[in-house]
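# Summary of the model geometry
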Amino acid sequence: MTTFIATIEHVVKGPVWGCQDCGQCVLHSTGMTCPMNCPKTLRNGPCGGVRENGHCEVKPEMKCVWLKAYDRTQDWPLPATWKAEYNHLRPPVDNRLKGTSSWKNFFTKRDRWTPTGWKNSTDESVAQGVDH
Amino acid sequence: MSTLEHKLMNTTETVFTAEFHTLDGNGLEKAKKYADRFQGWFDGVNATDNTAAHAHVSNVASAIAMKQLGLEPILQVVCRDKNRLAQQADIMGASMFGVENFVALTGDDVTAGDEPEARRVFDTDGPQLVRLMSTIKRGEYMSGRKIDPAPHMFIGAVENPGAPPFEYRVQRVAKKYAAGAKFLQLQICYHQDRLEKFCAGVRDAGLAGKIAIIPTVVLVKGPRPLNFMHNSVPGIDVPADQIARVEKATDPAEEAYLQTLEFAQHALAQPAVRGLHITDFRNDDTLERLMTDLGRVREITTNSSTTNEVKDDHAYSA
C-alpha cells in the first residue's frame, strides 16, 4: 500500500513539479517550485552564484530554482499562509524519507520530525544566546 | 571572547578581516610568511574551506596554524564537501584548539573546481549550517547529545548583495540572523548601487546593530583578475567601465589600487556596515598601503616582516 501511494504521488508530481521523491514536500512554501531541482538541493533560498541573467551557477541553461520560487510566491494566487512560510527556516532533509510518499508522511506527521538538537534551537533559544 | 566578537559586540570600532591564502606545498612555511604579512592588521582571518572548489590544506588545519602563528582565525565551513556529521566534527575540532569565530557558507559547486567529477554533498545549506552552529553553541549536537562544556562560538555567515534576486537578499540576511549569525561577510560586489540598496535594506529591516555587515574588496594588480571574476565566477559581475578603467590606465596597477580604495571607502560609508573584508590577490605592499589609507594602525607585537613578497600559487594571481 505504501509503495502504491508513493507510485501514484510520483506519477502525479513528477511531470508537473519535477518531484525528486524527497518524501518531505515543501512545495506549498516555495511558490510550488521544488527546491530539490536546485543542483545543490538548497531548501532555504538561492546561493550566491546566481548569474547576472538569473540563471543557475551549475546549469547555466536553467533559470535559478529559487528565482522561480520567489517570483511565483509573489505573483501566483497562493494562500497567504503558504506565502508566509516562504521565509521559514526549513530543516535539513531527513535522508531516510527518500523515495517514500510525502502525502503519507504529511498525514502521519512523519515529515515534521527533526532531530532533538535542531528542535531545541528555536529562534528564541538562539536569540537568547549563551555566554560561556 | 575573540577580538572580532569583542569589537563587534562591545564597541563601535571598524573591524577588518581578510582571506588567508590557500596552502598547498610547504604549508607551515608559507603559512608563516602569510601570517607575517597579516600580523597586526586584522581582527580575524578566514581559514578557507577548499576555496573555489579546489582541494587545499583543510580549513581546520589552516585555522590551527594561524592560531599558533598569532592570527585570529575565522573558520569557514562550506556545505559542498561534507555532510552534517563531518561539519560538526570540524567545528568541534577547531574549537578544541581555541578557534572561536565561525562562518557558514553554502560554497561553490564542485563544477567550479578542478575536480568537477566529484560528488557534491550539500547535506545542509548555508542557513541550516548557521543554525547547526548555534545548536553546538547552545551545547548540543544536532542529535541532541550534550556537549559539556559547550564551545565558545561567534557565528557568522555570507551573503552576495550583487546577485539576483536583489530584493530577496535582505530577507536572507534576516533568516541568517534568526538562525544565529552575528556578522555577515559579503561577496565582492562591483556594483556600488547594489551594495547601497542592500545595506539600506538591512537598515530598513531593523537589522543594523544586530548583524554586522562586512563587505569585501579585492586587491588586484590589473585587469586580468577583473576579467576572470567577471567571466568565470558566477555571481560576480564586473561592469565594463570598471574593467576599462583599469585596462586603459597608463599605470594599470596603480589604477587597480585606487579602484579598490574607492570601493573600500564607499563600502565603509554604507549603513549597517561595521567593517571590511579584504582579499589580497596582489601580494605586494598595497595591502599595507590600503590599510594605512583606510586609517588602520597596525597593532604589531612581533618582529614580523612586512616587505616579504610571497609568491602565491592561486589561480587568480595576476
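Residues numbered from 1 in each chain as written. Chains lettered and ligands numbered in written order. Predicted model: local features only at pLDDT ≥ 70, side-chain atom pairs only at ≥ 80, totals over all residues. Heavy atoms only, no water.

### Remarks on the overall build of chain B
Our working definition: A run of H or I in DSSP becomes a helix once it reaches four residues, and a run of E becomes a strand once it reaches two; helices and strands are each numbered from the N terminus. When a residue's accessible area, from a 1.4 Å probe over protein chains only, is under 20% of the maximum for its type it is buried; when over 50% it is exposed; and in between it is partly exposed. Should any heavy atoms of two residues lie within 4.5 Å, those residues are considered in contact. Neither His nor the chain termini are counted; the positive set is Lys and Arg, and the negative set is Asp and Glu. To locate a charge, the coordinates of NZ of Lys, CZ of Arg, CG of Asp or CD of Glu are taken.
When its secondary structure is counted, chain B shows 11 helices and 9 strands. Along the longest, intermediate and shortest principal axes, the C-alpha atoms of chain B span 60 × 45 × 45 Å. Looking at chain B residue by residue over its 318 residues, the buried ones come to 62%. In chain B, the share of contacts with a sequence separation of at least 24, taken over all contacts with a separation of at least 6, comes to 76%. The distance from the centre of the 35 positive side-chain charges to the centre of the 42 negative ones in chain B is 5 Å.

### Quick notes on the pattern of salt bridges
Residues and elements named next belong to chain B. Note the following rule: Salt-bridge detection follows one rule: a side-chain nitrogen of Lys or Arg within 4 Å of a carboxyl oxygen of Asp or Glu.
One pass over the full model with this rule turns up 27 salt bridges over all chains. A salt bridge links Glu159 to Arg169, with the shortest nitrogen-to-oxygen separation between them at 2.9 Å. On the criterion of sequence distance, the pair formed by Glu159 in strand E5 (residues 154-159) and Arg169 in helix H6 (residues 166-179) is long-range, its members being 10 residues apart. Classification of Glu159 by relative accessible area gives buried; the value is 2%. Here Arg282 ties to Asp284 by a salt bridge, and the two come within 3.0 Å at their closest N and O atoms.

### Concerning the side chain of B:Thr135
We apply this condition: Nitrogen and oxygen atoms within 3.5 Å of one another constitute a polar contact, given that in protein one can donate a hydrogen and the other can accept it, and given that sequence-neighbouring residues count only through two side-chain atoms.
Residue position: B:Thr135 is located in helix H5 (residues 126-138). For B:Thr135, the side chain forms a polar contact with the side chain of A:Ser121, separated by 2.7 Å.

### Notes on the environment of A:Arg110
Residue position: A:Arg110 is located in the loop between helix H4 (102-107) and helix H5 (116-120). For the pair A:Arg110 and A:Pro91, spaced 19 residues apart in sequence, the C-alpha to C-alpha distance is 13 Å.

### Examining the interface of chain A and chain B
Frequently, the measure chosen for interface size is the accessible area removed from exposure when the parts meet. Here is the rule: Here the quantity called buried area is the accessible surface, traced with a 1.4 Å probe, that two parts lose on coming together, added over both.
Listed per partner, the contact involves 41 residues of chain A and 48 residues of chain B. Carbon and sulfur atoms supply 53% of the area that chain A and chain B bury against each other, a total of about 3600 Å² over both sides. There are 2 salt bridges connecting chain A and chain B. For the salt bridge of B:Arg131 with A:Asp123, the shortest nitrogen-to-oxygen distance reads 2.6 Å. Counting across the interface, chain A meets chain B through 24 residue pairs in polar contact (both at pLDDT 80 or more). Sorting the residues of the side of chain A that touches chain B by element identifies helix H2 (65-75), H5 and helix H6 (123-128) of chain A as the ones contributing at least two each.

### Here's the deal with the domain arrangement of chain A
All names here are of chain A. Rule in force here: Each domain's extent is set by a domain assignment, obtained either automatically or from a database.
Assigned domains within chain A: domain 1 (1-24 + 94-112) and domain 2 (27-92). Domain 1 and domain 2 are separated by 19 Å when their C-alpha centres are compared. Taken together, the contacts link 7 residues of domain 1 with 8 residues of domain 2. Carbon and sulfur atoms supply 61% of the area buried between domain 1 and domain 2, which totals about 620 Å² over both sides. Contact with domain 2 buries surface across domain 1, with Trp17, Gln20 and Cys22 losing the most and accounting together for 71% of the total.

### Quick notes on empty space enclosed by the protein
Where we set the bar: Grid points spaced at 1 Å over the protein atoms alone were grouped into cavities, where a 1.4 Å probe fits but cannot get out, and pockets, open sets with protein on both sides within 12 Å along at least five of seven lines, with lining residues defined by an atom within 4 Å of a point. Grid points are joined across faces, edges and corners, and a volume is the space filled by probe spheres set on the points. Put simply, Ala, Val, Leu, Ile, Met, Phe, Trp, Tyr, Cys and Pro go in the nonpolar bin, Asp, Glu, Lys and Arg in the charged bin, and everything else, Gly too, in the polar bin.
The full count for this structure, using the stated rule, is 6 cavities of 30 Å³ or more. When its volume is computed, the largest cavity comes out at roughly 120 Å³. Considering the residues around the largest cavity, the lining is formed by 16 residues, among which A:Cys38, A:Pro39, A:Cys47, A:Cys56 and A:Cys64 are closest to the centre. Class assignment of the residues belonging to the lining of the largest cavity gives a composition of 12 nonpolar, 2 polar and 2 charged. Here the second largest cavity defines a volume of roughly 60 Å³. As for the second largest cavity, its lining consists of B:Pro161, B:Leu186, B:Gln187, B:Ile188, B:Cys189, B:Leu195, B:Pro215, B:Thr216, B:Val217, B:Phe263 and B:Ala267. For the lining of the second largest cavity, the secondary-structure elements that each account for two or more residues are strand E8 (216-219) and helix H10 (252-268) of chain B. Considering only residue class, the lining of the second largest cavity consists of 9 nonpolar, 2 polar and no charged.

### Points about the packing of aromatic side chains
The condition is simple: When two rings of Phe, Tyr or Trp (its six-membered ring) have centres within 6.5 Å they constitute a pair, described as stacked for plane angles under 30 degrees, edge-to-face for angles over 60, and tilted for the intermediate range. Think of it as a cone above the ring: NZ of Lys or CZ of Arg counts as a charge over the ring if it is within 6 Å of the ring centre and within 35 degrees of the ring normal.
Applying the stated criterion to the full structure yields 10 aromatic pairs over all chains. With a centroid separation of 5.2 Å and 40 degrees between ring planes, the pair formed by A:Tyr70 and B:Tyr168 is classed as tilted. A residue pair is termed interchain when its members come from two chains, as with A:Tyr70 in helix H2 and B:Tyr168 in helix H6. Here A:Tyr70 falls in the buried class, since its relative accessible area comes to 5%. Judged by its relative accessible area of 0%, B:Tyr168 is buried. Judged by centre distance (5.4 Å) and plane angle (70 degrees), the rings of B:Tyr190 and B:Phe263 are edge-to-face. A residue pair is termed long-range when its members are at least 10 positions apart, and B:Tyr190 in the loop between strand E6 (183-186) and helix H7 (192-204) and B:Phe263 in helix H10 qualify at 73 residues. Exposure class is identical for B:Tyr190 and B:Phe263. Each is buried. Following the ring pairs from residue to residue traces out a cluster consisting of A:Trp66, A:Tyr70, A:Tyr86 and B:Tyr168. Cation over ring: A:Arg96 sits above A:Trp113, and NZ or CZ is 4.8 Å from the ring centre.

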